[in-house]
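# Structural features, examined
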Amino acid sequence: MNDPYGAIAPRKLSTILIIVFIIIMPVSIGLLIQSQPVPGQLINVDGKFKDWNKMTRYVDTAMHTDPVMDISEFSIAFDGTDFFAYIQTQGDMLSRATVDRYFAFIDSDGSASTGYAAFDLGAEYVVEAYGYNDGSWQVSANKFSGADQSNWSAFGSVGSGYAVSDGAEMELKASIDI
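Residues numbered from 1 in each chain as written. Predicted model: local features only at pLDDT ≥ 70, side-chain atom pairs only at ≥ 80, totals over all residues. Heavy atoms only, no water.

## Looking at the overall build of the protein chain
Along its length, the protein chain carries one helix and ten strands. In the protein chain, the order of α-helices and β-strands from amino to carboxyl end is α-β-β-β-β-β-β-β-β-β-β. By residue count, 44% of the 178 residues in the protein chain fall in the buried class. The long-range share in the protein chain, meaning contacts at least 24 apart out of those at least 6 apart in sequence, stands at 56%. Of the roughly 9200 Å² of accessible surface on the protein chain, a fraction of 52% belongs to carbon and sulfur atoms. (Helix = DSSP H or I, 4+ residues; strand = E, 2+ residues; numbered from the N terminus. Buried < 20%, exposed > 50% of the residue type's maximum accessible area, 1.4 Å probe, protein only. Contact = heavy atoms within 4.5 Å. Areas by Shrake-Rupley, 256 points an atom, 1.4 Å probe, with all protein chains shown as cover.)

## A word on the pattern of salt bridges
Side chains that carry opposite charge are capable of pairing whenever their charged atoms lie near each other. Throughout the structure, instances matching the rule amount to five salt bridges. Ionic pairing is found between Asp 66 and Arg 96, a salt bridge with its closest N-O pair at 2.9 Å. Pair noted here: Asp 66 is in the loop between β1 (58-59) and β2 (71-78) and Arg 96 is in the loop between β3 (82-89) and β4 (100-106), with a separation of 30 residues, a long-range link. When its relative accessible area of 22% is taken as the criterion, Arg 96 is described as partly exposed. Overlapping salt bridges bring together Asp 66, Arg 96 and Asp 100 as one network. (Salt bridge = Lys/Arg side-chain N within 4 Å of Asp/Glu carboxyl O.)

## Observations concerning the sheet that holds strand β7 (residues 125-131)
Taken together, eight strands build an open sheet; the order of strands is β1-β2-β3-β10-β9-β8-β7-β4 and the sheet is antiparallel. Looking along the sheet, the strands with just one partner apiece sit at the ends: β1 and β4. (Pairing = 2+ DSSP bridges.)

## With respect to the packing of aromatic side chains
For the structure shown, the criterion picks out 13 aromatic pairs. Taken together, Phe 103, Phe 105, Tyr 116, Phe 144, Trp 152 and Phe 155 form an aromatic cluster joined through their ring pairs. Above the ring of Tyr 86, the side-chain terminus of Arg 57 is found at 4.4 Å from the ring centroid. (Phe/Tyr/Trp six-rings, centres within 6.5 Å; stacked < 30°, edge-to-face > 60°. Lys NZ or Arg CZ within 6 Å of the ring centre and 35° of its normal.)

## Examining the nonpolar core
For soluble globular proteins, the rule of thumb is that nonpolar side chains tend to be buried together. In this structure, Phe 83, Tyr 102, Val 127, Trp 137, Met 170 and Leu 172 are the most contacted members of the largest nonpolar core, which totals 25 residues. Residue assignment for this core shows that the elements contributing at least two residues are β2, β3, β4, β7, β8 (138-144) and β10 (169-175). (Core = buried A, V, L, I, M, F, W, Y, C linked by side-chain atoms within 4.5 Å.)

Have a look at this one:
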């Protein structure tokens, strides 16, 4: 039965989040392997995306049935205190009543035995961006501080950020001191 207020049933939401997590994971691993320094803040998060033309963009060939979750290109950069990311999807972001949510997992020590266990990755940090229904993005940076590598609630906030999108493109900046 459809909720007249647009709420998503908890079971359906958890299924969606698991699917998003599985789709985003290969992208996150690629992001972590090939991060690029940003001397003098080369990225201006303004929704024009032209700064990303000088950065290496990666093609994501994994397919997703939801065009908004189907990432086609991405890039990342890090300047020591700020994390920047760019994604392009097959569909327009923030164009519906359901939440669009993207994660970037950061394995800062290169060890899968520390941090949150995400496939072959031990993520000490996660940057999350979410929004819906033509609204604005919420961006947070979180650090993992638990011993149980499968305990998502062991992530705690260490910073915030902002994102701008236009259609199928989004760029973000999050303050994170690694």
